[in-house]
Structure formats: structure tokens, C-alpha cells
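These are the residues of each chain, in order.
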Amino acid sequence: MLNSHAKRGWRSHVWADLRHRVDEIRMIVQDPMLAMGLMGVMLFVFIFVVYPLLRVIWQGFFDPQTGAFSLKYFAQYVDPYYRAYNWQVLRDTIMMGLFTAFGGTLLGFIFAYTFVRVGVPFPRAVHALALVPTISPPFAIAIATILLFGRNGLVTRHLLHIQFTHGVNDVYGLDGLIFVQIITFFPVAYLIIRAMLERLDPALEEAALSLHASKFRIFRTITLPLLIPGLAGSFLLLFVESLADLGNPLLLGGNRTVLSTEIYLAINGQYDQQKGAALSLVLLIPTLTVFLLQRYYVNKRSYIAVTGKPTGGQIRVTDRWLRLIFLTITGLILLLILALYLSIFVGSITRLWGIDYHLELTHYQVAFSRGLNAILSTTFLSLVATPLAGIMGMVIAFLVVRKAFSGREALDFASNLGGAVPGTILGIGYIIAFIKAPWVVVMLAYLTLAGYLVSQIPASWVRRGMVLLVASVVGYALSLLPTTILYPDEWRYLLAFGYGLLALLAWRMLSKDLRWRVVGPALLMALGLVVYNITPWITEPLAAWGRSLDNQTWSRVVVKVSNMITVFTQPTMTILGFTYLLLSIFMVTQVPKRWRLPLAAWLLVLSASLSLYGKPLALVGTPYIVIAAYAVRSLPASVRAGVAALQQIDPAIEEASTSLGADAQYTFRHITLPLIAPAFIAGLIFAFARHMTSLSAIIFLTTAEWPILTVWILSEVEQGGMSTAAAYSMILIFIVLAAIGLTYLFVGRVFATDEGIDLTIGGG
């Protein structure tokens, strides 16, 4: 009897939960703009974050040539012939991560404690100098270390006269690599721990002080326990960043190899996708585990460390010797950072480092001639990806903080995953996922958008299903015309005519107040297809004229501008089709119900033809895959900036807007977005800085037409061109600093705020 009651209770609970989920979906569907935003970000995160990672995991177990199940590379960890080397690589990787995390967290704590409790002169300038490693290329410190402490370094060879004979330890190897990574990543720990120190309520410390407890005892029993979540979060985050780093191990690894280097060599050297995927899975296990632990400690921090506005001022360190120790360590590290970056600058204007120290600008001339394409390509693609990451991040933050729906935690987790996993894994995932048309993903995305479109038709589910099926089949048949009867340009003109005819019919049949809600988007879609066709009439003569110019600099600029135009005017048909599907949803929801069925069927036929044309989402070799990789890598910081800003805004303001009849998109656009604008802009500049300095995720995706500057810097170092690499690095740092300066100037004038930039995810 008890068992039957338990079964009935379990069934009723399941049905109640299911009804709750259905009610959530119905509420979301009732607000088209909210539903479109949710579908858009979920599809983007699934296509460009989740799916590539799943493909990496799958590829690690299956031979890409035969498709047969294989544990070949995992078995090498127990094979006597391979296991010694493989386990050594794994041990070196873990050791590098642990020592970097420990050293970086300790150094970050010293810096944070010095700034908050000890005090430093010129705090703004010193703070800015401490953050320079976060906005420079991930291996800039490695280049500077080689220039100063390498085998032919200024300090080691010319000042200390060290001869690096056999058995003499040099900067190459695990010790030099850990040193460079600590200097590169410690600002991340500094920012996290400083934020916690500034927000600690000093009441407990003041109470202990009034009871005559020593300051060391207060620190050991009160301050340090309150900082443990931040210290643990910093340690785990630096561990992940260290394991994900590629540039520094390639330059300074010497005869010691780590997993990120092995993955890179497997793909770029041995052309073995399965080996690269299998090693990526080995690297993914510790990084993903540590990422989950880090999220736990960050969440814990928000409840333990941040207790609101402090009730009193910070307790300052007054002991002379203790102040001297903290200030000395901080000062020496700042001098080291300054020396490292000065060496990059001096190296960029030195004729031949280590041999001829005469100053000249030859290397900048080389950079702006031979590397101009890479400079322009990197800056342009970073600029294009920046608003994409910023808008996606703010929409996800709004949905996570303000809306309750099933899968909210999964969306938050997946959006952070792109910046948490090593970039090499994401880059390999993009190659595996998008070198051919991923039809499963394309159909899933298409059916999600098309399904919501037909759900707006006032008809039975059977009738809606028939509309979806018939319109999709007709649209797919239309997509085959360019391969059988028509030329691609003629086919696009045919579809443009279809949208134009729709605009004409809407103009005649709809009332004046509804007319432009259909006519405007339809004409815009028709114009987009026409512009796609006529773009070569502009870009091809422009590129030809550019190639004919005698001035090589202007020649490269003009040719690159013609390529930039095509990025906007000639996207892949699938990207265009999915965009048109979203516009179609908006159009259908704006008309009376009696017009929705024919309008939805018409739009679905045309959009299906675009979405399913050719090899959809086969993006390898196009600039769009680089843009997607950039956006995914900076998305977590944009989400966090949005979440932090939204949590400081009273929801009653938005609820008042909703109660007055505004829908989700109106409230977000007119109420929420202006309030979080400073955080949004700060997220944008962080995204741009991260894009410009990204390497590990991009190194597999760059092409001759769209070269990436960080890859060129790495190539110059590998070929021995240290001074040219230094010149490239200085150009990159200058571009990022100029962008940050202009943004702070804009934010300060328009919003009258000093909104900070979240730099707690490193750049690699």
C-alpha cells in the first residue's frame, strides 16, 4: 500500500513539474521578443560553444578517416613504450599549473594587501602598471624574458657574462616558463583579492582589536579565513589559465613539453586530428574540474566576503618593517614589469638584439609593410566581434538575472564555458565541427526558429506541422536551383523578387498602422540580397585598383578594405537565412491572425532556401569562424559585467515598465540598457582587448587572407626575428591602450563614471 502511494506521489510530482515547464514555455512564447532573444543566445552558445566541445570529445574516440572506435591515444598512457613520455608531459603540465597558481595567487595577495591595507604612492599609475600584462599579448613577457635573460640576453650575457655551456641552467624549461606565467597571470589574482579586501566588513577586525588581539592574530583568525574563497578562486582560475596557455610554452618550454604544446604539434605538425582531440580531452578533464570548483568558490565568495558597505574604514598596517616588506616586494615586481616592457620597446628599435644595439626604426617599417595585413585583419575582426560579444553577454545576463525559466543555469554555465576551457581545445573543436557542413546543428537551429515561426499561426498543431514541412521542402528545392538551372546571382535575385513582391502585397492589404512593420523588413531583406550580388561590382575594381598602386602600404590598405566590405555584405547564406528567420518571426507577430498563415508560409519558403543552401556553416577558412571564436572567448566577461550591473538595479523599475504594458524588448532597450550602459561599454573594451591578444583559439583558424597578429608574432619569434616580434607586440599594445583610453574618456564624459573593466579572465 505504501509503495503504491509513493508511486502515485512520484507521478503527481512529475506531472506537476512537467506542467510547470509547459507554463514557462507558454509565458516565454507570449512575448516574441523575449523568445527571440532566448532562442538567439541559446543557439549561438550551443553552435559555437557546446557543439565544438562535444565534437572534440567524440573525435578523441573515433578515427576521422575510418570512423572506427579507437582508444589508440588513451592506451598510450599504459603502453610501456609511450607511457613514460606521456606521463612526464602530464606531470609537467600539472606541475606548471600548480606552481603558477600558487605563485600568482601569493603575488596577487601581496599586491592587493599592499594597495588596500598598506597604501602605495601614485595608486592609479601603479594600478595601471600592474594590469599591463593583462592587455598585452599572452607571450609578451616571454619575449621580454628572452631579451633580458635568454642565452644572449642583455642581463645574463652582457651584464653578468654568464656562458650557457652544457649543464648551466637557462631561462628555457619549466622554471623559466613558470616564472613568466606568474608575471603574466598574477594581475588576475590581484584584482579578485583586492575586490574582496575592499569589501570586507571591518567590524570583526575592529572588535578583535578593541579586545587587544594582536594584528597578526586578527589576520590569521579573521581576515585570512574571510579571504579563503577569493584565494581559492584565484588559485583555481590561475591553474586553468596556466594549463590553457600556448604561447609561453611554445617559446620557453625548451626540452620540457606540456599538453597544450602537444595538442598544437599534433594538429599543426603531425596533422593528426584524433591525437589532438584525445590530448584535448586529457587536458579538458582537469581544467573543467577546476573550473567547476572555481565557480563554486566564486558563488561562495558572494555570500561570505561581500557583506555590503563597510561600517568603517579599512584597518591600515602601521608596523614599519611590515610596511617596508610589502612595499619592497611590490616595488621590485613593478620594476621588473617595467623593465620587461621597456625591453620589448627597446628591442623593437634595436638593430640586432644581442649583437648590435644601435637604435633604428627598421623593424617598425617591416611590421607596417610585411605585417600590415595582419594588423588590419586583427583589428577589424576584433572590432566586429566586440559588439557581438557585448550584446550577447548583456542579453544572457538579463535572462539569467531577471527571468526564471528551465535551463537558466545551463545557459549561464555554457556561456562561461567558452572562456574557461583551453583555447586550443576550442580551436580544434571549430576545425572538426565546421570544416564540413554540420547538418545536425543546422537542422536543429533551423527547426527551432522555423518551429517558433509556425507556432504563431492560429491553427492546430497538425496544420502548423504541415506548413512547416511543406514550406521547408519547397525552400530546400529552391536552394538546389543554383546547382541545376540558375546561377547563384540569378537565384538570389529571384529570392529578392519574392521579398519585394511580399512587400508590395503587404502594402496593398495591410492597414496603415501595420503596413511598415512588414513592408520595411521585407524591403530590407530584398535589399540585402541585391547588395550581396552587386558587391563584387564595387570590391573587385577597388581591389584591382589597390593592387595597381605604387605605394605598397596604400595598396595593402585598399585591398584589405575591399575584403572588409565583403564581410558585411556577403555573409554565408546560412547566416543570412537564420537572420531572415528572426526577422520573419518579428513580421508574423505584427500582423492580424488572419494573415499569419500565408505570411509565415511565404517567409518560411524563402528563409529555408537561404538557410539550407550549399554547405551551411562550413565556416573553416572564412573570417566568420574567427569572429565567432573571438566572441566566445570574451563572452564570460561580458556576462559577468552584465550580471554584476543588473544585481545593483532594483527590479521594481523594470516591473513598473512591464505593468504599464511594455514588453520585454521595450523594457530592456529603454529601461535596463541605459542603466547598465557603463558596464556594457566596459565589457566591450575588455572584449576588444581579449580579442586582440588571443592566440590559442585562433592559431588553428587563421588564413593567408585573414592573418592574425598574435600568430605572426609567434612565427617571428620561432624564426629568430625577436626585434620584429617586439615591434609587432608594441603595435598591438598601443592599439589596445588607445582603445581603452578612448573608451574611458567616452564613459567618463557621457556617464560620469569610473566603471571598471573586468579583467579576471586572462587572455590566451
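Residues numbered from 1 in each chain as written. Predicted model: local features only at pLDDT ≥ 70, side-chain atom pairs only at ≥ 80, totals over all residues. Heavy atoms only, no water.

(A) Highlighting the overall build of the protein. Helices and strands together make up the secondary structure of the protein, namely 31 helices and two strands. Of all 764 residues assigned to the protein, the portion counted as buried reaches 54%. Contacts in the protein between residues far apart in sequence, at least 24 positions, make up 80% of those at least 6 positions apart. Counting every atom, the protein has about 34700 Å² of accessible surface; 67% of that belongs to carbon and sulfur. (Helix = DSSP H or I, 4+ residues; strand = E, 2+ residues; numbered from the N terminus. Buried < 20%, exposed > 50% of the residue type's maximum accessible area, 1.4 Å probe, protein only. Contact = heavy atoms within 4.5 Å. Areas by Shrake-Rupley, 256 points an atom, 1.4 Å probe, with all protein chains shown as cover.)

(B) Focus on the side chain of R596. With respect to the helices and strands, the residue R596 is situated in helix α25 (residues 593-611). We classify R596 as buried; its relative accessible area is 12%. Within the structure, the side chain of R596 is placed 3.3 Å from the backbone oxygen of V591, a separation counted as a polar contact. Those residues in contact with R596 that lie beyond four places of it in its chain are Q456, I457, P458, V588, T589 and V591. (Polar contact = N/O pair within 3.5 Å; in protein donor to acceptor, adjacent residues only side chain to side chain.)

(C) Highlighting the confidence of the model for the protein. Mean pLDDT over the protein works out to 83, with 86% of the residues at or above the 70 mark. Across residues 301-312, confidence stays below pLDDT 50; counting only partners more than four residues off in sequence or on other chains, it has 22 contacts. Taken as a whole, residues 752-763 scores under 50 in pLDDT and shows 40 contacts with residues more than four places along the chain or in a different chain. (pLDDT = per-residue confidence, 0-100.)

(D) Structural view of the packing of aromatic side chains. Applying the stated rule across the entire model yields 24 aromatic pairs. Where Y113 meets F326, the ring centres are 5.2 Å apart and the plane angle is 35°; that geometry is what we call tilted. In this pair, Y113 sits in helix α4 (residues 83-118) while F326 sits in helix α14 (residues 320-348), placing the two residues 213 residues apart along the sequence. Relative accessible area serves as the criterion here: at 9%, Y113 is assigned to the buried category. Both rings, one in F380 and one in W706, keep their centres 5.9 Å apart while their planes meet at 25°; by these two values the pair is stacked. (Phe/Tyr/Trp six-rings, centres within 6.5 Å; stacked < 30°, edge-to-face > 60°.)

(E) Looking closely at the pairing of strand β2 (residues 356-359). Pairing between strand β1 (residues 350-352) and β2: two bridges, direction antiparallel. Bridging across to β2, T350 finds its partner in L359. (Pairing = 2+ DSSP bridges.)

(F) Spotlight on the packing of helix α24 (residues 573-590) against α25. The geometry of α24 relative to α25 is characterised by a closest axis approach of 8 Å and an angle of 170° between their N-to-C directions. It follows from the interaxial angle that α24 and α25 lie roughly antiparallel. Of the residues in α25, those touching α24 at M573, T574, G577, F578, Y580, L581, S584, M587, V588 and T589 are R596, L599, A600, L603, L604, S607, L610 and S611. (Axes fitted to C-alpha atoms, helices over the stretch in contact; angles between N-to-C directions. Parallel < 35°, antiparallel > 145°, perpendicular 65-115°, else oblique.)

(G) Quick look at the nonpolar core. Membership of the largest hydrophobic core comes to 233 residues, with the highest contact counts inside it found for F48, F111, I143, Y430, Y499 and L604. In contact with F111, other than residues within four places in its own chain, are A130, F186, Y190, T330, I333 and L334. (Core = buried A, V, L, I, M, F, W, Y, C linked by side-chain atoms within 4.5 Å.)

(H) Examining the environment of F326 more closely. Looking at F326, the relative accessible area reads 12%, which means it is buried. Sequence-wise, F326 and F111 are 215 residues apart; in three dimensions their C-alpha atoms are separated by 7.9 Å. In this view, F326 contacts I110, Y113, T114 and V118; residues no more than four positions away in its chain are not counted.

(I) Just the pattern of salt bridges, in detail. As enumerated under the stated definition, the model contains four salt bridges in all. Across the pair E360 and R351 runs a salt bridge whose closest N-O atoms are separated by 3.1 Å. For R351, a relative accessible area of 40% translates into the label partly exposed. Note that R370 and E716 form a salt bridge whose closest N and O atoms lie 2.7 Å from each other. Of the two residues, R370 is situated in helix α15 (residues 362-370) and E716 in helix α30 (residues 709-718); the sequence distance between them amounts to 346 residues. Residue classification places R370 among the partly exposed positions, given a relative accessible area of 43%. Using a relative accessible area of 9% as the deciding quantity, one classes E716 as buried. (Salt bridge = Lys/Arg side-chain N within 4 Å of Asp/Glu carboxyl O.)

(J) Seen up close, the environment of V155. Examined against the element boundaries, V155 turns out to sit in helix α7 (residues 154-159). On the basis of relative accessibility, which here comes to 21%, the residue V155 falls in the partly exposed class. The sequence separation of V155 and T145 amounts to ten residues, and the corresponding C-alpha distance is 9.9 Å. Here V155 is in contact with L148, F149 and L160, once residues within four sequence places are set aside.

(K) A look at α14. Counted at 1.5 Å a residue, the expected span for α14 with its 29 residues is 42 Å, and the 41 Å between its end C-alpha atoms agrees. Of all the residues in α14, the buried ones are F326, T330, I333, L334, L336, I337, L340, Y341, S343, I344, G347 and S348. (Expected span 1.5 Å × (residues − 1).)

(L) Representation of a nonpolar patch on the surface. On the surface, V462, M466, L469, V470, V473 and V474 cluster together into a nonpolar patch covering about 550 Å² of accessible area. Within the secondary structure layout, M466 lies in helix α20 (residues 461-479). M466 gets classed as partly exposed once you look at its relative accessible area, which sits at 46%. (Patch = residues over 30% accessible without salt bridge, like charges linked within 9 Å, V, L, I, M, F, W, Y side chains within 5 Å.)

(M) Highlighting unusual backbone geometry. Positive phi, normally seen in glycine, also occurs at Y271, with a value near 50°. Mapped onto the elements, Y271 comes out in the loop between α12 (259-268) and α13 (273-304). Under the relative-accessibility criterion, Y271 is labelled exposed at 69%. Phi angles above zero are rare outside glycine, and L617 is one such case at about 60°. Assignment of secondary structure puts L617 in the loop between α25 and α26 (623-646). With a relative accessible area of 5%, L617 lands in the buried category.

(N) Spotlight on the environment of S723. Within the element layout of this structure, S723 appears in helix α31 (residues 722-751). S723 sits 360 residues away from H363 along the chain, and the two C-alpha atoms are 6.6 Å apart. Setting aside residues no more than four positions away along its own chain, S723 makes contact with G347, S348, T350, W353 and H363.

(O) The arrangement of the packing of helix α16 (residues 372-402) against α26 in detail. Across the interface, α16 lies against α26 with an axial gap of 6 Å and an inter-helix angle of 40°. It follows that α16 is oblique to α26 by the angle criterion. Read as a crossing pair, α16 and α26 show a hand that is right-handed. By residue class, the composition of the contact of α16 with α26 is 21 nonpolar, seven polar and one charged. (Left-handed = near helix turned anticlockwise from the far one by under 90°. Nonpolar A, V, L, I, M, F, W, Y, C, P; charged D, E, K, R; others polar.)

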